[in-house]
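The primary structure of each chain is shown beneath.
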Amino acid sequence: MFVTGYLVTSKVNKFPQVFAFLGVYFAIFTIMSLIGVGDVADALRAPFVNSALFLAFFMVTDPPTSPAKYKDQIKFGLLAGAISAVDYLVFGGLAYLLIGLLLANAWKAWKTANKKVMKKAA
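Residues numbered from 1 in each chain as written. Predicted model: local features only at pLDDT ≥ 70, side-chain atom pairs only at ≥ 80, totals over all residues. Heavy atoms only, no water.

**Student:** Any details on the packing of aromatic side chains? Residues and values, ideally.
**Tutor:** Enumeration over the complete set of coordinates arrives at eleven aromatic pairs. A ring pair is formed by tyrosine 25 and phenylalanine 29, whose centres lie 4.8 Å apart and whose planes are at 80 degrees; its orientation type is edge-to-face. Placement of the pair is tyrosine 25 and phenylalanine 29 together in helix α2 (residues 15-35), with a separation of four residues, close to one helical turn. This pair shows no difference in class: tyrosine 25 is buried, exactly as phenylalanine 29 is. Each residue in the set Phe21, Tyr25, Phe26, Phe29, Phe48, Tyr88 and Tyr96 is aromatic and connected to the rest through ring pairs, giving one cluster. (Phe/Tyr/Trp six-rings, centres within 6.5 Å; stacked < 30°, edge-to-face > 60°. Helix = DSSP H or I, 4+ residues; strand = E, 2+ residues; numbered from the N terminus. Buried < 20%, exposed > 50% of the residue type's maximum accessible area, 1.4 Å probe, protein only.)

Laid out in C-alpha cells, this is it:
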C-alpha cells in the first residue's frame with residue numbers, strides 16, 4: 001500500500017494533501033484515545049487504518065476532484081481528515097471516510113464555483 005501510494009502521490013504531486021489528511025486524522029484519533037473520549041481504538045486498527053491509507057493515497061489525491069495548489073491541497077486534506085475523524089467520533093459507522101471526502105469535495109466545488117462567479121462579476 002505504501003509503495004504504490006507513494007508512486008501515485010508522487011505522480012500527481014499531492015504530498016501536502018496526503019500528509020495533511022493523515023496528520024490531522026491520526027492526530028485527532030490519538031488525542032481522543034489518550035484522553036479517553038469515545039471508543040476510538042477501533043479506528044486505529046486494521047481494517048480501518050488500511051481504509052484511511054487507501055483513501056489518503058488514492059481517493060484524496062484524485063486529480064479531477066482535488067486542488068492543484070499546495071495551499072489548497074493542505075486545506076483540502078485538513079478538512080477531509082478532520083471531518084472524517086469527527087464523523088467517526090460522533091456517529092460511528094463505516095462511511096465516515098467517504099463523508100469526509102465528500103464534504104471536502106463539496107468545499108472545493110463551492111470554492112471553484114464562487115471563483116467563477118467573482119470573475120464574471122468583475
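**Student:** Can you explain the pattern of salt bridges? Please cite residues and give values.
**Tutor:** Note on pairing: side chains with opposite charge can pair once their charged atoms come close. This structure, assessed with the given rule, holds two salt bridges. The partner of lysine 111 in a salt bridge is aspartate 72, with the nearest N and O atoms 2.5 Å apart. In this pair, lysine 111 is assigned in helix α5 (residues 96-121) and aspartate 72 in helix α4 (residues 70-91), connecting sequence segments 39 residues apart. (Salt bridge = Lys/Arg side-chain N within 4 Å of Asp/Glu carboxyl O.)

**Student:** Account for the side chain of glutamine 73, with residues named and values stated.
**Tutor:** Topologically, glutamine 73 is positioned in helix α4. Looking at glutamine 73, its side chain comes within polar contact range of the main-chain oxygen of alanine 68, at 2.9 Å. Sequence-distant contacts of glutamine 73, defined by excluding residues within four places in its chain, comprise Asn13, Lys14, Phe15, Pro16, Gln17, Pro67 and Ala68. (Polar contact = N/O pair within 3.5 Å; in protein donor to acceptor, adjacent residues only side chain to side chain. Contact = heavy atoms within 4.5 Å.)

**Student:** Give a description of unusual backbone geometry that names residues and reports values.
**Tutor:** Residue alanine 46 is joined to proline 47 through a cis peptide bond whose omega torsion reads 5 degrees. Residues other than glycine seldom take positive phi values, yet asparagine 13 does so here, at roughly 60 degrees. For asparagine 13, the location among the structural elements is in the loop between α1 (2-12) and α2.

**Student:** Lay out the packing of α2 against α4 with the relevant residues and their values.
**Tutor:** Any two packed helices are characterised by how steeply their axes cross, that is the angle between the axes, and by the distance between the axes. Closest axis-to-axis distance for the α2/α4 pair is 7 Å, and the angle between their directions is 30 degrees. When the axes of α2 and α4 are compared, the pair comes out roughly parallel. When the axes of α2 and α4 are compared, the crossing they make is right-handed. A breakdown of the residues in the contact of α2 with α4 according to their chemical character gives 18 nonpolar, five polar and no charged. (Axes fitted to C-alpha atoms, helices over the stretch in contact; angles between N-to-C directions. Parallel < 35°, antiparallel > 145°, perpendicular 65-115°, else oblique. Left-handed = near helix turned anticlockwise from the far one by under 90°. Nonpolar A, V, L, I, M, F, W, Y, C, P; charged D, E, K, R; others polar.)

**Student:** Tell me about the packing of helix α3 (residues 48-59) against α5, residues and numbers included.
**Tutor:** With their axes 10 Å apart at the nearest point, α3 and α5 run at an angle of 25 degrees to one another. Here α3 is positioned roughly parallel relative to α5, judged by the angle of their axes. Here α3 runs over α5; the crossing is right-handed. In contact with Phe48, Ser51, Ala52, Leu55 and Met59 of α3, α5 contributes Tyr96, Leu97, Leu98 and Leu101. When the residues that make up the contact of α3 with α5 are grouped by side-chain class, the tally is eight nonpolar, one polar and no charged.

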